[in-house]
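Coordinate analysis (summary)
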Amino acid sequence: MSSFHYAGGPPKGRRIHQPKKVTASVLASVMLVAALAPLAASPGRAATAGTGPISTLHGYPEWYDDGTIKLALCYEAGRGCLSEPPNPELPASYPDNFPDESFWFQAAATVGAIGSYEAALEAAHANEAVIPGDQIGFGRLRFRFDGLQANADYTITHPYGTHVLRADAAGIINTTIDNGCLETPCDWNRVGAAFLGDFAVGSTATFLRQTTAPAGTIGDINTARTVTGAPSGNNSVTVVGPGVNVTTNLFTVQGLIANVVDGAPSTPNLDNLSDTGRSSADNITNDTTPTFSGTATAGATVELVINDAPTGVTAVASAAGAYTLTPTTPLTGGAYRIQARIVTDATTGAAATSGTLQMTVDTTAPLAPTFQSTPSNPTASNTPSFTFSGEASATFECQLLPTNSVWRACTSPHAYDAQVNGTYTFNVRATDTAGNLSTNGSHTWQIGTATTPPPPATIARQKDMNGDGRPDLVARDGAGTLWMYPSTSTGGFGTRIQMGTGWGIMNTILQPGDLNNDGRSDVLARDTSGRLWLYAGTGTGRINAGVQIATGTNWNAFNSFITPGDFNGDRRADLLVRDASGALFLYPGNGASGFGTRTQPGSGWGGFTSLVSTGDFNGDGRSDVIARNSTGTLSLYRGSGTGTFAGSAQIGTGWNGFHLIGPGAWGTADTRADIVARDSAGALWLYRGSGTGTFSGTRTQIGSGWGGFTIAQ
């Protein structure tokens, strides 16, 4: 926990605190002499009049009440608080961006030239670090004076009582009195009950306040002013003793008025699933219709308030007192103040309003990382290293094609171990605090000077919809709902994710890979009108809204679609199609959600009943096509790596009756491409590739009940 140390002047702006141990009563180095004896006849122990509900945002009471006013815990940037989040540019969030200590109330005075006085109601942490469960609180009195007579007693009369303190041998008084809840779990009523001691006047400890204060507060932390409200009747500090008789009536004060009434809902909390990005508790999100939750009186109608404006979005609190609210109008990027209210007077609109959640919506993707150093092209060095930079606070992921195709977290500089001669592409992308993903920063270069074959297609990446490095299946059920079935490392499926509804209008669904060059696998679909739609993947198993692409082509002219990944060696996802005459056409991806000029790599393909691609099936680094004819014979057509074929070979018989899918390297960490086949009973079978153009081992059943699904290629 931290404490303030005033060195002879009032605080100016946000304070930076140095850790100091809190004492349970008085620091051992000084002596408290008869401090409370003169007040023994006072009318009972003074206390704050009320304690607010425990906030779901930070685990402290939302406010304390002195019988005249409620003060909120003050910890947010720009609100006149002594303590602010470690990063005041971001919304306060617990525990990621929250101060170690903060205050409901604090008043400080510089007493002549001899030192300072402080009275406070403080929130802190038992172990001086922001750790959930370590929240404590206490009332504090602090006296710090020097230049006094050694070992002499001094009488200090102040707004919260009278204390007689003895200076030490160096002529210093340095006394801190903390009373309340100094251990966990904390009894928050004890904090209010211990607020700043006993008093001869009144039974409730009122908050000291400046006679003129900024709106919404009881004082200013930067400007010392006269005050009122001292429960002792002394709106000043006087120090009297040998050689000293000094008084001040000027105090800086922190106190943020809590504009809540009894029966108000709790301060809304941004739900974890709506708090996107690398933290689910930082109140920064790219979700434009986030969900907020809290508590209210059971059966009460709670309304969402955004930036002080009621939205008309309401919910009825459950029997357990829970409410959830989601705006119906998407929020644009920017900072927001979120509240909940219960309307108590239909005529005047008077409402019991909650505390305020500060949160930020950020939907702007960071810029692509930029390079400070890269390998030269060509180079003899086979251990590439890169330095790069990007948006402040962003994290990075790196990928080296073709040898390290899985995106992995990285920092700059980033290096790889020895690579063989060939052509390589290094990609790096940035993710900001809200979870927005940049486009790739890319560098392509040659190791060695000899001509080398094109690199293999990025098999796992092509159909990896959730970013875990394994290909996944996308399938539409009979109701038109689209689902993503993530593969597991053992070759099975994880929990499916709904990607969309209304997909019954699509007669072809494909997983082409990354068509828009944002580093995420996409979904491509043709509707019954012959239009082609691109659904950009999010990398989380979901997709964005569809965008019509390649509008100059009637895609109903084709009866078969093949997704080979990179078929022509330019490191972009391509599309192969067959028309009614049996001609095969290559639509090369342009890396910008469209296609370049098509070419015709073959003709006479009309006799095949199934055409699929698994990427590189024979291990030569080039994407291939697998074709089944009417007799059930399966053949491998080897890709040349330049958009044509380099020959064919029979790889199986008896394949009639199966629907074939080319997922890539299914479920395992190896790069050998496999085939998934669905039989007439709806069972899914995995046929593992050997990596050399044949199959390996016996088939494995990986699913059943798939007869009613349209599985994407």
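Note that this is a predicted model, so its numbers are computed, not measured.

1. Quick notes on the overall build of the protein
- Assigned secondary structure in the protein consists of two helices and 54 strands.
- When each of the 713 residues of the protein is scored for burial, the buried share is 55%.
- Taking the intrachain contacts of the protein between residues at least 6 apart in sequence as the baseline, contacts between residues at least 24 apart amount to 54%.

2. Focus: the sheet that holds strand β48 (residues 634-639)
- Strand order across the open sheet formed by four strands is β46-β47-β48-β49, with antiparallel pairing between neighbours. Strands with a single pairing partner mark the edges of an open sheet, and in this sheet they are β46 (608-615) and β49 (645-652). Pairs of neighbouring strands in the sheet enclose a mean axial angle of 25°, with direction left out of account.

3. Considerations on the nonpolar core
- Ranked by size, the top nonpolar core spans 67 residues in total, and within it Phe105, Tyr117, Phe143, Phe145, Val239 and Phe251 carry the most contacts.
- Looking at which element gives the most residues to this core, the answer is strand β7 (residues 102-111), with five residues.
- Residue assignment places this core across two domains, with domain 1 (102-254) and domain 2 (269-361) each supplying three or more.
- Beyond its immediate chain neighbours, meaning those up to four positions away, Phe143 contacts Ser116, Tyr117, Ile156, His158, His163, Leu165, Ile173, Asn174, Thr175 and Ile177.
- By size, the runner-up hydrophobic cluster in this structure holds 16 residues, among which are Ile549, Phe558, Val577 and Ala583.

4. Let's talk about the pattern of salt bridges
- Scanning all chains against the criterion turns up 13 salt bridges.
- Residues Lys70 and Asp65 are paired through a salt bridge, measuring 3.9 Å at the closest nitrogen-oxygen approach.
- The partner of Asp527 in a salt bridge is Arg531, and the shortest N-O contact between them spans 2.8 Å.
- Exposure remark for Asp527: the relative accessible area of 2% places this residue in the buried category.
- With a relative accessible area of 36%, Arg531 lands in the partly exposed category.

5. Points about the pairing of strand β21 (residues 292-295)
- In this structure, strand β19 (residues 269-270) lies alongside β21, joined through two bridges in antiparallel fashion. Across the sheet, the residue bridging to Leu270 is Phe292, located in β21.

6. Some thoughts on the sheet that holds strand β41 (residues 543-549)
- One open sheet holds the four strands; their spatial order is β38-β39-β40-β41, and the pairing between them is antiparallel. With one partner strand each, in any of the chains shown, β38 (506-513) and β41 form the two edges of the open sheet. This sheet shows a mean twist of 25° between the axes of neighbouring strands, independent of strand direction.
- Sheet topology note: the strand β40 (residues 532-537)/β41 ladder contains five bridges and is antiparallel. The residue bridging Leu534 from the neighbouring strand is Val547, located in β41.

7. Some remarks on unusual backbone geometry
- For the peptide bond that leads from Asn377 to Pro378, omega is -5°, which places it in the cis range.
- Of note, Pro378 is situated in the loop between β28 (370-373) and β29 (385-389).
- Here Ser412 and Pro413 are connected by a cis peptide whose omega angle stands at 0°.
- For Ser393, which is not a glycine, the phi torsion comes out positive at approximately 75°.

8. Examining the environment of Thr223
- Position of Thr223 among the secondary structure elements: in the loop between β13 (209-210) and β14 (227-228).
- Of the residues examined, Thr223 reaches a relative accessible area of 33% and is grouped as partly exposed.
- Residues Thr223 and Ala213, 10 residues apart in the sequence, show an inter-C-alpha distance of 9.7 Å.
- With residues near it in sequence (within four places) discarded, Thr223 still touches Gln210, Phe251 and Thr252.

9. Examining the state of the cysteines
- Within this structure, the stated rule accounts for three disulfides.
- The disulfide bridge from Cys74 ends at Cys81, spanning 1.9 Å between sulfur atoms. Taking the torsion about the S-S bond as the criterion, the Cys74 to Cys81 disulfide, at about -80°, is left-handed. With respect to class, Cys74 is no different from Cys81; both count as buried.
- If you count the bonded cysteines of the protein from the N-terminus, they pair up as 1-2, 3-4, 5-6.

10. Details of the packing of aromatic side chains
- Counting across every chain of the model gives 45 aromatic pairs.
- An angle of 40° between the planes, with centres 5.3 Å apart, marks the rings of Phe105 and Phe207 as tilted. Remark: Phe207 occurs in the loop between α1 (188-193) and β13 and Phe105 occurs in strand β7; sequence separation between them is 102 residues.
- For the ring pair Phe386 and Phe426, a centre distance of 3.8 Å and an interplane angle of 10° mean the geometry is stacked.

11. Here's the deal with the environment of Ala365
- Mapped onto the elements of the fold, Ala365 is located in the loop between β27 (357-361) and β28.
- What makes Ala365 partly exposed here is its relative accessible area of 40%.
- For the pair Ala365 and Leu437, spaced 72 residues apart in sequence, the C-alpha to C-alpha distance is 5.6 Å.
- The contact partners of Ala365, leaving out residues within four places of it in the chain, are Asn436 and Leu437.

12. Focus: the confidence of the model for the protein
- For the protein, mean pLDDT is 84; residues scoring 70 or higher make up 88% of the total.
- Confidence over residues 199-203 falls short of pLDDT 50; this stretch has 17 contacts with residues more than four positions distant or in other chains.
- Note that residues 451-460 has pLDDT below 50 and, in this model, 32 contacts with residues that lie over four places away or in other chains.

13. Re the side chain of Asp514
- Locating Asp514 in the fold gives a position in the loop between β38 and β39 (522-527).
- There is a polar contact of 2.9 Å between the side chain of Asp514 and the backbone nitrogen of Asn517.
- At a separation of 3.2 Å, a polar atom in the side chain of Asp514 contacts the main-chain amide nitrogen of Asp518.

14. Examining the environment of Ala322
- Relative to the assigned elements, Ala322 resides in strand β24 (residues 322-325).
- The class of Ala322 is partly exposed, set by a relative accessible area of 39%.
- Taking the C-alpha atoms as reference points, Ala322 and Ser266, separated by 56 residues in sequence, lie 9.7 Å from one another.
- If we ignore the near neighbours within four places in the chain, the residues touching Ala322 are Gly294, Thr295, Val316 and Ala317.

Parameters and conventions
- Residues numbered from 1 in each chain as written.
- Predicted model: local features only at pLDDT ≥ 70, side-chain atom pairs only at ≥ 80, totals over all residues.
- Heavy atoms only, no water.
- Helix = DSSP H or I, 4+ residues; strand = E, 2+ residues; numbered from the N terminus.
- Buried < 20%, exposed > 50% of the residue type's maximum accessible area, 1.4 Å probe, protein only.
- Contact = heavy atoms within 4.5 Å.
- Pairing = 2+ DSSP bridges.
- Axes fitted to C-alpha atoms, helices over the stretch in contact; angles between N-to-C directions.
- Core = buried A, V, L, I, M, F, W, Y, C linked by side-chain atoms within 4.5 Å.
- Domains from an automatic or database assignment.
- Salt bridge = Lys/Arg side-chain N within 4 Å of Asp/Glu carboxyl O.
- Disulfide = S-S within 2.5 Å.
- Phe/Tyr/Trp six-rings, centres within 6.5 Å; stacked < 30°, edge-to-face > 60°.
- pLDDT = per-residue confidence, 0-100.
- Polar contact = N/O pair within 3.5 Å; in protein donor to acceptor, adjacent residues only side chain to side chain.

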